[in-house]
Amino acid sequence: MTSSRTTRSALIALGAVGAAGVAAATWGIGIERYLFTLRHATARALPPGTRPLRILHVSDAHMAPWQHRKQRWLASLAELRPDLVVNTGDNLGHEDGLDGVRAAFAPFAGTPGVFVHGSNDKYAPSPRNPFRYFMGPSARSITAPKLDTEALDAYFTDELGWTDLDNTAASLTVAGERIDLFGVDDAHRDWDELDALPAAIDALGPRPAGVPALGVTHAPYQRVLNAFTDLGADAILGGHTHGGQVCIPGFGAIVANCDIPLKQAKGLSTWSHAGRAVPLNVSAGCGHSIYAPIRFACRPEATLLTLLPRT
């Protein structure tokens, strides 16, 4: 009798676990990955006396041509009228993803913007074993087909008027004020060229007092964040992590796919290095690989980041 009860209890427990798993998968695959969310954040990062700067931070769209809900949502964000758009890469998620990218960002034509690349702006996605992410950052070799990165960049630069920050620096006039920015190509693939940034920054000429500087990266590896802090960034923006993509409610990310601390894999935090502390915003992104169509306890997002002058 006791053995029978034990067996029955075990079966009930297994059934409950199985039902919970099915419910979680149904939510993550069928519902949450479509719950596009605008996150608002504010940080005092600008030199004293400067005007506030409203930045729309978008990342990791991983766009496929049939993802019309995501395209419409991104396009609707133009109604926010940000001062600046910062796109931290991985825009493409399919060989024909540029069609969806055009639909998503067309309303931003004429709005100042900058972008850097993630590897999925250059290579198509491929199936992955999701459990390998628990062993550390994903493999860095790429055998997937190449994407039309030149067409993507031409769209961003020629049609939208955005500036490419891969391993370089630029000065923009935003809302009538000068802003200096610098960035790197995908550090997850070791495409970042941090040694090239000092010369690129120097080429902009002396930065007058009161001119802010922003650092932009796809993958927020610590070496990049430390270098950006040393180079004088007033704030840093990154993506890549997907916020963990599948998280534990009440705990957060369990993987970040880079060496950033898990508690900083999503949202606004502070990065400290060599005596300086600067705001760091890591976007959870608004997409996912077509081979991993799920989000759990980590809604797809963009960020309206308002930078205020320091007191």
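Right above here is the structure, for reference.
Residues numbered from 1 in each chain as written. Predicted model: local features only at pLDDT ≥ 70, side-chain atom pairs only at ≥ 80, totals over all residues. Heavy atoms only, no water.

A few points about the overall build of the protein
Working step 1: For the protein, the count of helices and strands is six helices and 12 strands.
Working step 2: The 311 residues of the protein split such that 51% are buried.
Working step 3: Of the roughly 13800 Å² of accessible surface on the protein, 57% is carried by carbon and sulfur atoms. (Helix = DSSP H or I, 4+ residues; strand = E, 2+ residues; numbered from the N terminus. Buried < 20%, exposed > 50% of the residue type's maximum accessible area, 1.4 Å probe, protein only. Areas by Shrake-Rupley, 256 points an atom, 1.4 Å probe, with all protein chains shown as cover.)

What about the pairing of strand β11 (residues 276-282)?
Working step 1: Across the seven residues that make up β11, a large majority, five, are buried.
Working step 2: Where strand β9 (residues 235-238) lies against β11, three bridges are found, and the strand directions are parallel. Considered in β11, the bridge of Ile236 is made with Leu280. (Pairing = 2+ DSSP bridges.)

What to know about the sheet that holds strand β6 (residues 168-174)
Working step 1: Pairing is mixed in the open sheet, where six strands are placed in the order β6-β7-β8-β9-β11-β10. Bordering the open sheet on either side are β6 and β10 (267-273), each of which pairs with just one other strand. In this sheet, neighbouring strand axes are inclined to one another by 25 degrees on average, regardless of whether the strands run parallel or antiparallel.
Working step 2: Of the strands in this sheet, β7 (177-183), β8 (213-216), β9, β10 and β11 are in contact with helix α6 (residues 222-230), which crosses β10 at around 70 degrees. (Axes fitted to C-alpha atoms, helices over the stretch in contact; angles between N-to-C directions. Contact = heavy atoms within 4.5 Å.)

Things to note about the packing of aromatic side chains
Working step 1: Here the structure, examined in full by the defined rule, presents nine aromatic pairs.
Working step 2: Between Tyr123 and Trp191, the ring centres sit 6.4 Å apart and the planes meet at 35 degrees, which makes this aromatic pair tilted. Of this pair, Tyr123 sits in the loop between β4 (113-115) and α4 (149-160) while Trp191 sits in the loop between β7 and α5 (197-202), placing them 68 residues apart in sequence.
Working step 3: A relative accessible area of 23% means that Trp191 is categorised as partly exposed.
Working step 4: Ring centres of Tyr155 and Phe156 lie 6.0 Å apart, and the angle between their planes is 40 degrees; on these two criteria the pair is classed as tilted.
Working step 5: Aromatic ring contacts, followed pair by pair, group Phe105, Phe108, Phe115, Tyr155, Phe156 and Trp162 into a single cluster.
Working step 6: The ring of Tyr34 carries the charged tip of Arg69 above its face, separated from the ring centre by 3.6 Å.
Working step 7: It is Arg223 that lies over the ring of Tyr221; its NZ or CZ is 5.1 Å from the centre. (Phe/Tyr/Trp six-rings, centres within 6.5 Å; stacked < 30°, edge-to-face > 60°. Lys NZ or Arg CZ within 6 Å of the ring centre and 35° of its normal.)

Some thoughts on the sheet that holds β4
Working step 1: One open sheet accounts for six strands, arranged β1-β12-β2-β3-β4-β5; its pairing is mixed. Single-partner strands in this sheet number two, and they are β1 (37-46) and β5 (163-164).
Working step 2: Pairing geometry for β4 and β5, over two bridges, is parallel. Note that in β5 the partner of Val114 across the bridge is Thr163.

Remarks on the pattern of salt bridges
Working step 1: Under the definition given, this model contains nine salt bridges.
Working step 2: One network of salt bridges, in which partners are shared, links Arg178, Asp180 and Arg207. (Salt bridge = Lys/Arg side-chain N within 4 Å of Asp/Glu carboxyl O.)

Quick word on α4
Working step 1: Between its first and last C-alpha atoms α4 spans 15 Å; for 12 residues at 1.5 Å apiece the expected length is 16 Å, and the two agree.
Working step 2: Contacts made by the buried residues of α4 are with β3 (84-87), α3 (97-105), β4 and β5.
Working step 3: Two residues or fewer past α4, Gly161 is found with a positive phi of approximately 85 degrees. (Expected span 1.5 Å × (residues − 1).)

Concerning the nonpolar core
Working step 1: Core analysis: the biggest nonpolar cluster contains 29 residues, and Phe182, Leu194, Val224, Phe228, Ile236, Ile260 and Leu280 have the highest contact counts within it.
Working step 2: A per-element tally of this core places α6 first, with four residues.
Working step 3: If near-sequence neighbours (up to four positions away) are discounted, Leu194 is found in contact with Val184, Arg223, Val224, Ala227 and Phe228. (Core = buried A, V, L, I, M, F, W, Y, C linked by side-chain atoms within 4.5 Å.)

Observations concerning the packing of α3 against α4
Between two packed helices, what matters for the description is the angle formed by their axes and the separation of those axes.
Working step 1: Contact geometry for α3 and α4: axes closest at 10 Å, N-to-C directions at 20 degrees. Classified by the angle between their axes, α3 and α4 sit roughly parallel to one another. Two packed elements cross with a definite hand, and for α3 against α4 that hand is right-handed. Every residue of α4 that contacts α3 at Leu98, Val101, Arg102 and Phe105 is listed here: Ala151, Leu152, Tyr155, Phe156, Glu159 and Leu160.
Working step 2: Residues belonging to the contact of α3 with α4 are distributed by class as follows: eight nonpolar, no polar and two charged. (Parallel < 35°, antiparallel > 145°, perpendicular 65-115°, else oblique. Left-handed = near helix turned anticlockwise from the far one by under 90°. Nonpolar A, V, L, I, M, F, W, Y, C, P; charged D, E, K, R; others polar.)

These values are about where atoms sit, not about what they do.
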